[in-house]
Amino acid sequence: MNGVELRNVTKAYAGLTVMEDINLEIADGDFLVLLGPSGCGKSTLLNMIAGLEPTTGGAIHINGRDVTDLEPDERDIAMVFQSYALYPTMSVRRNIGFGLKMRGMPKDEIETRVAEVGELLQITPLLDRKPSQLSGGQQQRVAIGRALVREPSVFLFDEPLSNLDAKLRADMRIELKRLHERLGRTIVYVTHDQIEAMTLATKVVVLDKGRIQQVDTPENVYRRPANRFVASFVGAPT
Ligand code: ADP
Ligand code: MG
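- The name given to the protein chain in an unreviewed UniProt entry is Sn-glycerol-3-phosphate ABC transporter ATP-binding protein UgpC, with Thalassospira aquimaris as the source organism.
- Check the Sequence similarities (unreviewed entry) section of the UniProt entry for the protein chain; it says "Belongs to the ABC transporter superfamily."

The following block contains the structure:
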């Protein structure tokens, strides 16, 4: 199966269980949002898919391949963090192209790809600036560009918009939705923001205390919450 599959995944930090027996199928092309309050385990789950945190038990498959014990760069994924994590001394162009350079891609091919991504994200005029010369929203765009340029089959986003102001957040939501429609790639997107979940997701996973509470369309999570927690968290009438 293409997409991402979690089978009986568990996670403990220093003997303390934070994720219990997670089973989840993320279909190829889905925009799947992991929604839940702070501390419920969203980042832990995403980091296990990325290979940044080892699983304690269970298996993770990406595009039908067992990646449980593979390094992040062997998983066909790219991740965008809340804290952009750009290289401060490099230009935007080099920030975006760096991963490709590390893979040994020829220089002219890197330039073509960086130019394409710059065009797509409307940051072409910024390519020769340093990250410190950009606004928060522009930096986030560069971080997204750095993920896009690698053309992974799965994009992982950890609260990418939470450092932006409300207006910019609304603009970026629209952009991310367009981007997903245009690329048709699988996205796993972590947020604690119900509005983001409702507007972006094709499928929502509501998490609480390391357990899945509901997996459903945004409409159903809102209209037919599986339990009280979901109802109160999503803010739907009970
Ligand atoms: P979220 O992203 O939903 O806010 P996290 O995945 O960061 O939640 O955290 C889930 C739980 O795991 C929390 O109780 C948190 O304190 C704990 N946790 C996260 N990272 C670590 C770590 N590196 N070491 C120990 N505990 C951790
Ligand atoms: Mg988190």
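Now, onward.
## Remarks on the site of ligand 1
Argument step 1. Taken together, the neighbourhood of ligand 1 is formed by Tyr13, Val18, Gly36, Ser38, Gly39, Cys40, Gly41, Lys42, Ser43 and Thr44.
Argument step 2. Per element, the largest residue contribution to the shell around ligand 1 is three residues, and it comes from helix H1 (residues 42-50).
Argument step 3. In terms of residue class, the shell around ligand 1 is made up of three nonpolar, six polar and one charged.

## Structural notes on the sheet that holds strand S6 (residues 77-80)
Argument step 1. In space, the six strands of this open sheet follow the order S6-S7-S8-S3-S9-S10, with mixed pairing throughout. In this open sheet, the two strands that pair with only one neighbour each are S6 and strand S10 (211-216). Direction aside, neighbouring strands of the sheet carry axes that sit 15° apart on average.
Argument step 2. In terms of strand pairing, strand S9 (residues 203-208) meets S10 through five bridges, oriented antiparallel. Bridge pairing in S10 links aspartate 208 to arginine 211.
Argument step 3. On the sheet, helix H4 (residues 136-148) packs against S6 and strand S7 (154-158) and is oriented at approximately 175° with respect to S6.

## Section: the packing of helix H2 (residues 92-102) against helix H3 (residues 107-120)
Argument step 1. Between H2 and H3, whose axes approach to 10 Å, the crossing angle comes to 130°. Here H2 is positioned oblique relative to H3, judged by the angle of their axes. Regarding H2 and H3, the two cross each other, and that crossing is right-handed. From H2, Arg93, Ile96, Gly97, Leu100 and Lys101 reach across to H3, where they touch Ile110, Arg113, Val114 and Val117.

## Digging into the sheet that holds strand S2 (residues 16-27)
Argument step 1. Taken together, the four strands give an open sheet; going across it, the order is S2-S1-S4-S5, and neighbouring strands pair in antiparallel fashion. At either margin of the open sheet sits one strand with a lone partner, and together these are S2 and strand S5 (65-66).
Argument step 2. With eight bridges joining them, strand S1 (residues 3-13) and S2 adopt antiparallel strand pairing. Bridging across to S2, valine 9 finds its partner in isoleucine 22.

## Looking at the packing of H2 against H4
Argument step 1. Viewed as axis vectors pointing N to C, H2 and H4 meet at an angle of 30°, and their least axial separation amounts to 8 Å. If you check the angle between H2 and H4, you find them roughly parallel. Where H2 crosses over H4, the handedness of that crossing is right-handed. Contacts from Val92, Asn95, Ile96 and Gly99 in H2 reach Val142, Gly145 and Arg146 in H4.
Argument step 2. Its residues assigned to classes, the contact of H2 with H4 comprises three nonpolar, three polar and one charged.

## A short note on H1
Argument step 1. Burial analysis of H1 places seven of its nine residues in the buried class, which makes it a mostly covered element.
Argument step 2. Considered for burial, the residues of H1 that qualify are Lys42, Thr44, Leu45, Leu46, Met48, Ile49 and Ala50.
Argument step 3. Two residues or fewer after H1 comes glycine 51, characterised by a positive phi angle close to 90°.

## Here's the deal with the pairing of S7
Both faces of the sheet carry side chains from a regular strand, because those side chains alternate between them.
Argument step 1. The buried count for S7 comes to five of five residues, which makes it a mostly enclosed element.
Argument step 2. Residue alternation in S7 divides its side chains into two sets, Val154, Leu156 and Asp158 and Phe155 and Phe157, and both sets are buried.
Argument step 3. Judged from the four bridges that link them, S6 and S7 form a sheet pairing that is parallel. Each residue of the ladder has a partner; that of alanine 78, found in S7, is phenylalanine 155.
Argument step 4. Note: S7 against strand S8 (residues 186-191), five bridges, orientation parallel. Opposite phenylalanine 157, over in S8, you have tyrosine 189 as the bridge partner.

## Remarks on the nonpolar core
Argument step 1. Core analysis: the biggest nonpolar cluster contains 60 residues, and Leu32, Val33, Leu34, Ile49, Leu156, Val188 and Tyr189 have the highest contact counts within it.
Argument step 2. For valine 188, the contacting residues outside a window of four places in its chain are Val4, Ile26, Leu32, Leu34, Leu46, Ile49, Val154 and Leu156.

Reading the values: the criteria
- Residues numbered from 1 in each chain as written.
- Chains lettered and ligands numbered in written order.
- Predicted model: local features only at pLDDT ≥ 70, side-chain atom pairs only at ≥ 80, totals over all residues.
- UniProt positions renumbered as here; feature names shortened; annotations may be inferred.
- Near = placed C-beta within 6 Å.
- Helix = DSSP H or I, 4+ residues; strand = E, 2+ residues; numbered from the N terminus.
- Nonpolar A, V, L, I, M, F, W, Y, C, P; charged D, E, K, R; others polar.
- Pairing = 2+ DSSP bridges.
- Axes fitted to C-alpha atoms, helices over the stretch in contact; angles between N-to-C directions.
- Contact = placed C-beta atoms within 7 Å.
- Parallel < 35°, antiparallel > 145°, perpendicular 65-115°, else oblique.
- Left-handed = near helix turned anticlockwise from the far one by under 90°.
- Buried ≥ 20, exposed ≤ 12 C-beta atoms within 10 Å, placed from the backbone.
- Core = buried A, V, L, I, M, F, W, Y, C linked by C-beta atoms within 7 Å.

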